[in-house]
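# Coordinates in review
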Amino acid sequence: MQKSALLKVVDRFGVKRMVPLNKQVFTIGRSAESDLLLLSARVSRDHGSIIYEQGTYYLVDNGSARGLFLNERRITRSKLHHQDRIAVGGDKDFQIEFLEQDGSAIFDSSPSLNLSQIGAAPGSSANEELRRLARYVEVHQAFELSPTPDDVLVLIVDAAVEIANAERGCLMLTNDTGQLEFKVARDNKREFLAGEDFRMSHTVVQDAFNETRTVVINDWLGDDQSIRQSALDLHLRNIVCVPLHHFQMKQTMGGSTDMIKQEPIGVLYVDSRQSQGAFSKTSLTLLESLGFEASKSLESVRLMHQEQEKKRLERELATAREVQVELLPTRFVQPAHFEVAAHSVPCRFVGGDFYDLLTLGNGRAAVILGDVAGKGIAAALLASMAQGVIHAQFNSGLSLPQVLTSLNLVLVEKSDDNRFITLFCALIDPDGTFSYINAGHNPAILVRANGQTDLLTTGSMLLGAFDFAEYEAQQTKLEPGDVLVIFSDGVTEAVDATNQLFGDKRLQELVKKNKGSSAKEVKDWIEQAVLAFTRGLPQGDDITLIALKMSGA
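In this report, we go over the structure that sits alongside the text. (Residues numbered from 1 in each chain as written. Predicted model: local features only at pLDDT ≥ 70, side-chain atom pairs only at ≥ 80, totals over all residues. Heavy atoms only, no water.)

### Side note on the overall build of the protein chain
To keep it simple, the criterion reads: In DSSP terms, a helix is any run of H or I states spanning at least four residues, a strand is any run of E spanning at least two, and both are numbered starting from the N terminus. In this scheme, a residue with accessible area under 20% of its type's maximum is buried, one over 50% is exposed, and one in between is partly exposed, where area comes from a 1.4 Å probe on protein chains only. Here a residue-residue contact requires only that any non-hydrogen atoms of the pair lie within 4.5 Å. In short, Shrake-Rupley with a 1.4 Å probe defines the accessible areas, and a residue's cover is counted only from the protein chains shown.
Within the protein chain one finds ten helices and 26 strands. Going through the 553 residues of the protein chain one by one, you find that 49% of them count as buried. Restricting the contact set of the protein chain to residue pairs at least 6 apart, pairs at least 24 apart contribute 62%. Total accessible area on the protein chain stands at roughly 27,100 Å², and carbon and sulfur atoms take up 50% of it.

So, in structure tokens, the structure goes:
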């Protein structure tokens, strides 16, 4: 049998409480799960423990940041003796003394807190009122320590149960459909209670939530008969249910900030089967104040969680962007018979456009530009998969039509029904022979050295739509000085402030005007023209360009 011992804890307000050591491993920390909960910035979440082994109590530091002190000496593990002084993290707000003694009298604690006896109710004492206020201030300050969402819920319920001297309590919040959803329930021994076993007065809960008012039921103070009857049916003598609200900050014309109470977001509920007398105005005010502070804290935690989730997503997207950039061609050796320049700018972190430049055998080269339907991560993943398939098929020696037929079958099998790819894919031989397939993509612009403009399209079906689609290549001959521009629809569909499109005609004239420039200069001219046209408006789609110019002119 474990020897009787306890901790005498005196807080910063001089309020004393006796905490029995009735577990073999008694935890100390800032976590809501700690057996001795100390709400201080100097206290770690899992700061230390008191362990009972073979008739002896030991104080153990659990790797805390600020240490655990016994009689002003920092320890990692030390035997406890009667009247030893414990300091947690060097925090002097709490005076803790270990008391060990035979007999059960040691567990007689100071009078319990009972809000129903405060104010006008008989039996109230100054010590009880001080304890009540100290607990409220302690929890209020704990909200500033950035606790986890789960800790916030537990702190709120534990504080409400203690302040109201209730037997148990729970907290419910609205879900996405606006219905109340059970979040956490605890009893006055700070043990969790299962939601499915927590029978409560749903009439009280719904009335408090729908009417956005505090509902009180006890032996002395009544509400309407239907609410009282629902409590009596559950043999409950005392109930308090406080609505929780969403608050929004609003700047006034005078420069000050007002807090506007919005729709309810949940309820804080406590009850007891024991008769406690009438709740005083002071006790109810404290519970409603706790509900107010809880609402603000829950909103802060929600916003903090949103910010953390946003930063996490941004880190993941940045990593995805790095991976996508790595998939772009970096080792393409410019051949002697043409020069090429390419660039892709996603409208988000990652995009559905992709391009590639492959060096094949016998001096041949492949030029690819694709556009996946949609934007973002899903489109980027499909683009990466398509890029890998194209690489594998060309490296296996398949012809241009075979490569696109194989890619189409893979996309039909692997991608969603609404995920398609438009693609322009071409092979260039050393003698200038140019074989190409346009699978539902924007026609590539070919401006000859003599100024003639050709639009390259084959009428082939986009990729990933139908498994029976067939792809046939067409051929032309590229001569020295010819300029070819392959692009995604983000170029021609860029809009200005009046919602006018950049358009195909404008792009064709721009290429024709700059046909005497190098491939890189042609690409740069197009990008600068699109940027000037949109005048800083947000980019609505991915923009990808490949400019190619035949050498020898």
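There is more to say after this.
### A closer look at the pairing of strand β26 (residues 543–550)
The cut-off we apply is this: Any two strands with at least two DSSP bridges between them are considered paired.
Burial within β26 is extensive, with eight of its eight residues counted as buried. Burial of β26 is two-sided: the residues I543, L545, A547 and K549 facing one way and the residues T544, I546, L548 and M550 facing the other way are all buried. Relative to β26, strand β17 (residues 338–345) is paired through eight bridges, and the arrangement is antiparallel. Bridge pairing links V340 to L548 in β26.

### Notes on the side chain of S64
As a reminder, the rule being used: Think of a polar contact as two N or O atoms within 3.5 Å of one another; within protein, one of them needs to be a possible hydrogen donor and the other a possible acceptor, and neighboring residues in sequence only count if both atoms come from side chains.
Within the fold, S64 resides in the loop between β6 (56–61) and β7 (68–70). From its side chain, S64 meets the backbone nitrogen of G67 in a polar contact 3.1 Å long. The contacts of S64, once residues within four sequence positions are left out, are S44, H47 and R74.

### Here's the deal with the pattern of salt bridges
Going by this rule: Basic side-chain nitrogens of Lys or Arg form a salt bridge, by our definition, when they fall within 4 Å of a carboxyl oxygen of Asp or Glu.
Overall, the coordinates contain 17 salt bridges when judged by the stated rule. Two residues, K8 and E97, come together in a salt bridge whose shortest N-O distance is 3.4 Å. Of this pair, K8 sits in strand β1 (residues 5–10) while E97 sits in strand β11 (residues 95–100), and the two are 89 residues apart along the sequence. Residue K8 is classed as partly exposed on the basis of its relative accessible area, which comes to 25%. Classification of E97 by relative accessible area gives buried; the value is 18%. Residues R448 and D454 are paired through a salt bridge, measuring 3.4 Å at the closest nitrogen-oxygen approach. Taken together, the shared-partner salt bridges in this structure form one network comprising E33, D158, R186 and R190.

### Description of the sheet that holds strand β8 (residues 73–75)
We count it as follows: Lines fitted to the C-alpha atoms define the axes, with helices restricted to the stretch that makes contact. Angles between their N-to-C directions range from 0 to 180 degrees.
The six strands are arranged β2-β1-β11-β10-β7-β8 in an open sheet whose pairing can be described as antiparallel. Looking at which strands have only one partner, the edges of the open sheet turn out to be β2 (16–20) and β8. Strand-to-strand twist across the sheet, computed as the mean angle between neighbouring axes with direction ignored, equals 30°.

### Things to note about the sheet that holds strand β22 (residues 444–447)
A sheet is described by the order of its strands in space; here five strands give the open sequence β17-β26-β25-β22-β23, paired in antiparallel fashion. This sheet does not close on itself; its edge strands, each paired only once, are β17 and β23 (453–456). The mean angle between the axes of side-by-side strands here comes to 15°, regardless of whether they run parallel or antiparallel. As judged from the five bridges shared by strand β25 (residues 483–487) and β26, these two strands associate in the antiparallel manner. Across the sheet, I486 pairs through a bridge with I546, a residue of β26. Against the sheet, helix α9 (residues 504–513) touches β22, β23 and β25, its axis set at about 35° to β22. The sheet contacts of helix α10 (residues 519–534) involve β17, β25 and β26, and relative to β26 the element is tilted by about 150°.

### Digging into the packing of aromatic side chains
Note the cut-off: Stacked, tilted and edge-to-face are the three classes applied to pairs of Phe, Tyr and Trp rings, where Trp contributes its six-membered ring and a pair requires centres within 6.5 Å; stacked means planes under 30 degrees apart, edge-to-face means over 60, and tilted covers the rest. Both a distance and an angle decide whether a charge sits over a ring: NZ of Lys or CZ of Arg must be within 6 Å of the ring centre and within 35 degrees of the ring normal.
On inspection of all chains with the given rule, the structure shows eight aromatic pairs. Relative to Y436, the ring of F434 lies with its centre 5.7 Å away and its plane at 35°, an arrangement referred to as tilted. Pair check on accessibility: F434 and Y436 agree, each one buried. Measuring from ring centre to ring centre gives 5.2 Å for F466 and F468, while their planes differ by 25°; the resulting arrangement is stacked. The class of F466 is partly exposed, set by a relative accessible area of 40%. In this structure F468 comes out as exposed when scored by relative accessible area, which is 56%. Feature note: the residues Y52, Y57 and F98 constitute an aromatic cluster, connected by ring pairs. Seen from the ring of Y58, R77 lies directly overhead, with NZ or CZ sitting 4.4 Å from the centre. Across from the ring centre of F198, 3.9 Å away, lies the NZ or CZ of R168, which sits over that ring.

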